[in-house]
Amino acid sequence: MTRPHISPPRLLVLALWTALNLQAWADTPPGPAHTDPAATLERVALPWAGRLHKVLPPEERVRAMLLRQPTVQVARANVDAAAGRQARLNAGPHEWTFKAGVQQRREMPGPRYRESELAVERGLRLPAKLEADQALGRNEAEVGMLNFEDTWHESARALLKAWFDALREARTLQTLREQVALAEQQRSVAQRRLQAGEAARLELLQADADVGRAQAAAQQSGTRLRALQADLLLRYPDVQPLLTAVSEDLPAPAGLADTAQHWVERVLADNHELELAEAQARHAELVARRAGLDRQGDPVLGVRAARERGGQEQVLGVYVSVPWGGAGRRADEQTALAQAEMARQKVDEVRQRVSSEAWRVAINAAEGESSWQALQTAWQGMDQSARLAGRAYSLGELPLGEALQARRLALEARLNADAARLDILESQSRLLLDAHQMWTPPGHGD
């Protein structure tokens, strides 16, 4: 019995027709039945951020996890250390010094006398140095707090990346498991056709090989997912149970309300890393200024009382000693000036890197939706084509190799569409994080 055969060109035309129809359906505006006043209000207030809350873990859980991170704890302790360094700078480098001495005087020939001496002295910090040390102390406190906020932000970035890496792999595993089921179904069809004498044994071998390929891909994805989950469980124990529920229902990404340039300006206007680099540059400049002031040594004022010749002579005096700056102090100043210049250049490097990264994230978040829609439409067309090809094979109208190839193309298109969806959601989440619209450190903005 001769059955009609669908050639590859006809199959391609069929897939193209399906994709065009799906695109036309996707571009059709929804009717009144799709309107939701609450959802409309949310879109007006924040058109795209509301959907991200369905993808991200709750903010209260995130804050609790970040506070327990060792790096955050270290940075938090450093804030107290910075306060101690500020207090030390305000107190100054000089302490009271007490001196006492006993000696014996002997005249030849003649009597012997016991003599003693007491002195109290202290260095006096010059007014310009006092002002410089106080400025350094304030800067120390600022650097300590900015370092804590930057460490918090970097920890939040690490959590966000680990979350989406695991979410991306969970989504891939879900898709590959569905492909295993389809491959097993295709093998059943090939086995049934072989038993009916309508197919060669080679087709069953091809179907078996396709099942093995799909199972191997799913097993590899499962291994990667377990490794990512183990990392999440180790660093963020509270976040793991939330991952499975989120991966099963991903929202469609929405476009940004503003331009990429607007969001880049927001990120740069309040960026912990850039602010920390600028504060460190100011610190280096203050240190260089202090080193320049140190070229003039602080005077030491002392009071001296002595008892000589067995008490026959009583001495009471005041003395001042002033260190004379030399080559060593000039070298210290030159070193501090060079370090200040290095810190200023680092600010430019950090600003350039932060700007480049902000532009990359903002562009992906703002312009990725159209790419995802194209990939989503392509997948829908290829998926429909693969279903038709599978049906055509079951009716004997298409060779098994072409049906398997159509399903592989559909799988690749689906994985690409899912990856694009998650890339956009991650970029938009990263944009909110960098603009301090979520997961902000304690006390930020107060």
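Residues numbered from 1 in each chain as written. Predicted model: local features only at pLDDT ≥ 70, side-chain atom pairs only at ≥ 80, totals over all residues. Heavy atoms only, no water.

Peer 1: What is the right way to look at the packing of aromatic side chains in this model?
Peer 2: Any pair of aromatic rings gets described here by the distance separating the centres and the angle formed by the planes. Tallying each qualifying case throughout the model produces 1 aromatic pair. The interplanar angle of 50 degrees and the centroid separation of 6.4 Å between the aromatic rings of Phe148 and Trp152 together place this pair among those described as tilted. Highlighted residues: Phe148 and Trp152, both in helix 6 (residues 127–195), separated by 4 residues, approximately one helical turn. By relative accessible area, Trp152 is classed as buried at 1%. (Phe/Tyr/Trp six-rings, centres within 6.5 Å; stacked < 30°, edge-to-face > 60°. Helix = DSSP H or I, 4+ residues; strand = E, 2+ residues; numbered from the N terminus. Buried < 20%, exposed > 50% of the residue type's maximum accessible area, 1.4 Å probe, protein only.)

Peer 1: Would you mind going over the pattern of salt bridges with me for this structure?
Peer 2: Two side chains that carry opposite charge are able to pair once their charged atoms sit near each other. Using the criterion set out here, one finds 39 salt bridges in the structure. Between Lys129 and Asp298 there is a salt bridge; the shortest N-O distance is 2.9 Å. Of this pair, Lys129 sits in helix 6 while Asp298 is found in the loop between helix 10 (272–293) and strand 3 (300–308), placing the two residues 169 residues apart along the sequence. The exposure class of Asp298 is buried, given its relative accessible area of 9%. A single network of salt bridges, built from pairs that share partners, joins Arg125, Lys129, Asp133, Arg290, Asp294 and Asp298. (Salt bridge = Lys/Arg side-chain N within 4 Å of Asp/Glu carboxyl O.)

Peer 1: Is there a simple way to think about the sheet that holds strand 4 (residues 313–321) in this case?
Peer 2: Strand pairs in the sheet, formed through backbone hydrogen bonds, run parallel or antiparallel to each other. The strand order across the open sheet built from 4 strands is 1-2-3-4, with neighbouring strands paired in antiparallel fashion. Lying at the two open borders of the sheet, with one neighbouring strand each, are strand 1 (97–106) and strand 4. Strand after strand, the sheet turns through a mean of 15 degrees between neighbouring axes, direction not considered. Relative to strand 2 (residues 112–123), strand 1 runs antiparallel, the two being bridged by 10 bridges. What sits directly across from Phe98, in strand 2, is Val120. (Pairing = 2+ DSSP bridges. Axes fitted to C-alpha atoms, helices over the stretch in contact; angles between N-to-C directions.)

Peer 1: Please explain the confidence of the model for the protein as it appears in this structure.
Peer 2: Per-residue pLDDT for the protein averages 83, and the proportion of residues at 70 or more is 86%. Segment residues 1–46: pLDDT under 50, and 29 contacts once partners within four positions in sequence are set aside and those in other chains are kept. (pLDDT = per-residue confidence, 0-100. Contact = heavy atoms within 4.5 Å.)

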